[in-house]
Amino acid sequence: MKILIVEDEEGLRESIEEYFADAGNICETVATYQAALAKIQLYRYDCILLDITLPGGSGIDILKALKANNFPDGVLIISAKNSLDDRLQGLDLGADDYLVKPFHLSELKARVSAIVRRKMFNGSNVLNFNELSIDLMAKTVTVNGTPVKFTRKELSLLIYFISNKGKVISKNAIAEHLWGDGIDMANNFDFIYSHIKNVRKKIMEAGGKDYIYAAYGMGYKFADQ
Amino acid sequence: MKLSERYNRVNLIATVVIMLITGAIYYQAISLILTDQKDKSLEVEEQEIFDYVKLNHRLPQVFESKDQQISFTSAEPNSVKREFINTGYYREKDEPESGRGLISSVNVNGRFYKIEIVESKVETEDLIQIIFGITIGVILLLLLVLLITNRLILSRLWQPFHSILGELKQFKVTDNSDIAPLNTRIDEFNDLHQEVTAMAERVKRDYKDLKTFTENASHELLTPIAVINSKLDTLIQTENFSQQQSKLLGDLYGAVSRLTRLNQSLLLLVKIENKLLTDQQSINLKELIEELLYQLEDIFGDKMITISASLQDKEITASRYLVDILLNNLIINAVRHNHEDGEIIINLTEDSLSVKNTGENTSLDNERIFTRFHKSSTSEGSGLGLTISKQICESLGYELVYSYEAPHHSFMVRF
């Protein structure tokens, strides 16, 4: 994937770049409105991560420029502004998704992957990982060609893992992904464990390998080691 | 009591009292003057008698007059004292009238006579009655005029005041509209209007400053939190942490997400209180609750909480975002403050939504549970959840009530 990160906060920009670059994605970063505008005129990206409040201008205007030129780049707005108006304004103008700061990098990765998949396959696509195959349209999973029944949350968890394969994902990030940020039970993550146990069991029972590794008490990692 | 009513009452009472006092003084003065006049006329009569006696050396003939009666009676010398008296005046056939008399004495050829001259006071009294009648008439007329004046003129006079009051009632800091200009020549109201306008401007400016500050502060706060969060996410990729390090990282994550939620809750409260979330849509509460229960079923399962829900169809028109938060808060609260093997009973009817849960065996402090940052010692939340729920209910025109009937804590939203 080729990704443009438009973010003026250096610490955040670096983290995002590092997180995406690892898995062989090509990342370019800019910090100002003018630089971003120049980039989008010259190059095409699979996805643009767009901060709204930028030095020199608003990310919304970059989005407008993209749409005015009919550029096909996927756009994910990342902003600390989370009023409904901001969201609607962004989405109405043609952004593909809207993520409110602060977010987990794994969540960002999952959202970007979803946008890119939608752009590339028009939504009806199949996500493959070794012997696993997920039809995102029909929401079905097959392991070595055998259909396996997953619940909605287990499926969501599996897609989340595959989008972040090779990365350690914190329990917090998993909880917020599955239950939304309304969930406020930070000290009790036992229910995450039971979901992960189910996913692991279902894949293995169908003859798949165990790809989920626990990273101490911190989180989990989905990897083909 | 209205100002005009109060003013009217005082005004009327004062007018009546003053009129009555004036009337009494008037009455006294007039009757004094008239009596004095009568006395003078009686003295003239007496003088005439004296003149007659001096000239003719005999008593004048007594004749019947319409308004005057004179009588002579013989008396012991020096036994009669000259004096004016109030007496009766007897006219033939008629009722006795009040009269004024003069008692005097005369010496006719060495014989001593007592003279009694009495004049009727009927005319005087008639006069007084007329005056009194006119006075009463004037009082009544005055009262009537006062009432009408107060009704019509006062209400017109106070009209600018009422229009200022109306503006004040409609005043909202979040609105952009200004206080409407006032068209009056009365200085006091102009002053009042000026001050009110200036105050409104001030309040709006302060509010705007505060709002900008809150938004900026929250934004500035969220950016470093985002950096911390992303750095933590990057950090855990480096792996090979000891168990202790993992525990520390886990705690950091927890603290960061609490900070995030606190910030979001405060922002949300500001928005609800200032009615900044005004989007309206039709919402089926039953579907929303069912969706939420499905979403949370593994969390119930984890605590082995039994859910029983009896849900009727209920459509409301409100902000979807707010209703989501309200339901989330109520149900998550019911889970968080529950114990293992507890139960949650959700009841949705046409008029109300109640969420009951088992929990600690004591009632919560009804006064304080809805105040900001109030939380029980065992709570892990920010202490803002119930405040937010209450505010949401108020902004939607609903009522949120807490009650405890062992063993259930119950929160009820009345539509």
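Residues numbered from 1 in each chain as written. Chains lettered and ligands numbered in written order. Predicted model: local features only at pLDDT ≥ 70, side-chain atom pairs only at ≥ 80, totals over all residues. Heavy atoms only, no water.

Chain B appears in an unreviewed UniProt entry as histidine kinase from Mucilaginibacter celer. Recorded under Catalytic activity (unreviewed entry), the UniProt text for chain B is reproduced unchanged: "ATP + protein L-histidine = ADP + protein N-phospho-L-histidine." (UniProt positions renumbered as here; feature names shortened; annotations may be inferred.)

Going by the annotation in an unreviewed UniProt entry, the name recorded for chain A is Response regulator, with Mucilaginibacter celer given as the source organism.

Take the overall build of chain B next. Helices and strands together make up the secondary structure of chain B, namely nine helices and 11 strands. Per-residue burial over chain B gives 38% buried out of 415 residues. Long-range pairs, those at least 24 residues apart, make up 66% of the contacts in chain B with a sequence separation of at least 6. Working note: accessible area of chain B is about 25100 Å², and carbon and sulfur atoms make up 55% of it. (Helix = DSSP H or I, 4+ residues; strand = E, 2+ residues; numbered from the N terminus. Buried < 20%, exposed > 50% of the residue type's maximum accessible area, 1.4 Å probe, protein only. Contact = heavy atoms within 4.5 Å. Areas by Shrake-Rupley, 256 points an atom, 1.4 Å probe, with all protein chains shown as cover.)

Turning to the nonpolar core, a few remarks are in order. Residues L158 and I174 of chain A are the most contacted members of the largest nonpolar core, which totals 78 residues. Take this core: its biggest share by element is 10 residues, from helix α8 (residues 320–336) of chain B. With residues near it in sequence (within four places) discarded, I174 of chain A still touches L157, Y160, F161, I169, I192, I196 and Y220 of chain A. Y45, L66, F71 and I77 of chain A belong to the second-largest nonpolar core, a separate cluster that totals 22 residues. (Core = buried A, V, L, I, M, F, W, Y, C linked by side-chain atoms within 4.5 Å.)

As a further point, take the interface of chain A and chain B. Tallying the contact residues gives 45 residues for chain A and 40 residues for chain B. A buried area of about 3900 Å², summed over both sides, lies between chain A and chain B, and 55% of it is on carbon and sulfur atoms. With a closest N to O distance of 3.7 Å, R152 of chain A and E291 of chain B form a salt bridge. Taken together, the connections running from chain A to chain B amount to 11 residue pairs in polar contact (both at pLDDT 80 or more). Broken down by secondary-structure element, the contributors of at least two residues to the side of chain A that touches chain B are α1 (10–21), α5 (105–121), α6 (152–163), β12 (168–170), α7 (171–179) and α8 (190–205) of chain A. Looking at which element gives the most residues to the side of chain A that touches chain B, the answer is α1 of chain A, with six residues. For the side of chain A that touches chain B, the per-class residue count stands at 18 nonpolar, 15 polar and 12 charged. (Buried area = accessible area lost by both parts, 1.4 Å probe. Salt bridge = Lys/Arg side-chain N within 4 Å of Asp/Glu carboxyl O. Polar contact = N/O pair within 3.5 Å; in protein donor to acceptor, adjacent residues only side chain to side chain. Nonpolar A, V, L, I, M, F, W, Y, C, P; charged D, E, K, R; others polar.)

Residue and element names in this part refer to chain B. When the UniProt feature table is mapped onto this chain numbering, "transmembrane region" (unreviewed entry) sits at residues 12–34 and 127–148. Taken end to end, residues 12–34 has its terminal C-alpha atoms 32 Å apart, with 100% of it in helix and 0% in strand. When the span residues 127–148 is considered, its composition is 100% helix and 0% strand, and the gap between its end C-alpha atoms is 31 Å.

Moving on: the UniProt feature "modified residue: 4-aspartylphosphate" (unreviewed entry) in chain A. Mapped onto this numbering, the UniProt entry annotates "modified residue: 4-aspartylphosphate" (unreviewed entry) at D51 of chain A. Mapped onto the elements of the fold, D51 of chain A is located in strand β3 (residues 47–51).

Right, let's get into the sheet that holds strand β14 (residues 219–222) of chain A. Residue and element names in this part refer to chain A. Ordered in space as β12-β14-β13, the three strands form an open sheet in which the pairing is antiparallel. On the outer flanks of this sheet lie β12 and β13 (212–215), each paired with one strand and no other. On average, each strand axis in the sheet is inclined to that of its neighbour by 30°, with strand direction left out of account. Alignment of β13 against β14, held across four bridges, turns out to be antiparallel. Bridge pairing in β14 places I212 opposite F222. Along the sheet, α7 makes contact with β12 and β14, crossing β12 at roughly 65°. (Pairing = 2+ DSSP bridges. Axes fitted to C-alpha atoms, helices over the stretch in contact; angles between N-to-C directions.)

A word on the packing of α7 of chain A against α8 of chain A. Residue and element names in this part refer to chain A. Taken N-terminus to C-terminus, the directions of α7 and α8 make an angle of 80°; their axes are 10 Å apart at the nearest point. Here α8 runs roughly perpendicular to α7, going by the angle between their axes. The residues of α8 that touch α7, namely those facing K171, I174, A175, L178 and W179, are F191, I192, H195 and I196. Broken down by class, the residue content of the contact of α7 with α8 amounts to seven nonpolar, one polar and one charged. (Parallel < 35°, antiparallel > 145°, perpendicular 65-115°, else oblique.)

Okay, the packing of aromatic side chains next. Evaluation of the coordinates by the stated rule reveals 10 aromatic pairs over all chains. Where F161 of chain B meets F189 of chain B, the ring centres are 6.3 Å apart and the plane angle is 45°; that geometry is what we call tilted. Residue F161 of chain B is located in helix α3 (residues 159–170), and its partner F189 of chain B is located in helix α4 (residues 187–235); the two are separated by 28 residues in the primary sequence. Here a set of aromatic residues connected by ring pairs shows up, and it is made of F129, F161, Y211 and F222 of chain A. When the ring centre of F20 of chain A is taken as origin, the NZ or CZ atom of K109 of chain A, which lies over that ring, is 6.0 Å away. Taking the ring centre of Y294 of chain B as reference, the NZ or CZ of K153 of chain A above it sits at 5.8 Å. (Phe/Tyr/Trp six-rings, centres within 6.5 Å; stacked < 30°, edge-to-face > 60°. Lys NZ or Arg CZ within 6 Å of the ring centre and 35° of its normal.)

Right, let's talk about unusual backbone geometry for a bit. Glycine aside, residues mostly have negative phi, and peptide bonds are mostly found in the trans state. For the bond running from K101 of chain A to P102 of chain A, omega is -5°, close enough to zero to count as cis. One can find P102 of chain A in the loop between β7 (97–100) and α5. Look at the link from A406 of chain B to P407 of chain B: it is a cis peptide, with omega at 0°. For P407 of chain B, the position within the fold is in the loop between β10 (399–405) and β11 (408–414). Look at N130 of chain A: it is not a glycine, yet its phi comes out positive at around 45°. Within the secondary structure, N130 of chain A is located in the loop between β8 (126–129) and β9 (132–135).

It is worth spelling out the pairing of strand β8 (residues 343–348) of chain B at this point. Taken residue by residue, a regular strand's side chains alternate between the two faces of the sheet. Residue and element names in this part refer to chain B. Residue alternation in β8 divides its side chains into a buried set, I344, I346 and L348, and an unburied set, E343, I345 and N347. Bridging between strand β6 (residues 306–311) and β8 involves six bridges; their strand directions are parallel. What sits directly across from A309, in β8, is I346. In this sheet, strand β9 (residues 352–358) lies alongside β8 in antiparallel orientation, the contact comprising five bridges. Across the sheet, residue I344 finds its bridge partner in β9, namely N357. Hairpin remark: β8 followed by β9, antiparallel, with three residues in the connecting loop.

The next thing to look at is the sheet that holds β3 of chain A. Residues and elements named next belong to chain A. A sheet is described by the order of its strands in space; here five strands give the open sequence β2-β1-β3-β6-β7, paired in parallel fashion. Edge positions in the sheet fall to β2 (26–30) and β7, since each of these pairs with one other strand and no more. The sheet shows a mean angle of 20° between the axes of neighbouring strands, direction not considered. Two elements, strand β1 (residues 2–6) and β3, share four bridges in a ladder whose sense is parallel. Paired with I3 across the two strands is C47, which belongs to β3. Sheet contacts for α1: β1, β2, β3 and β6 (74–79); angle to β2, the most-contacted strand, approximately 170°. Sitting on the sheet, helix α3 (residues 59–68) is in contact with β3 and β6, with an inclination near 150° to β3.

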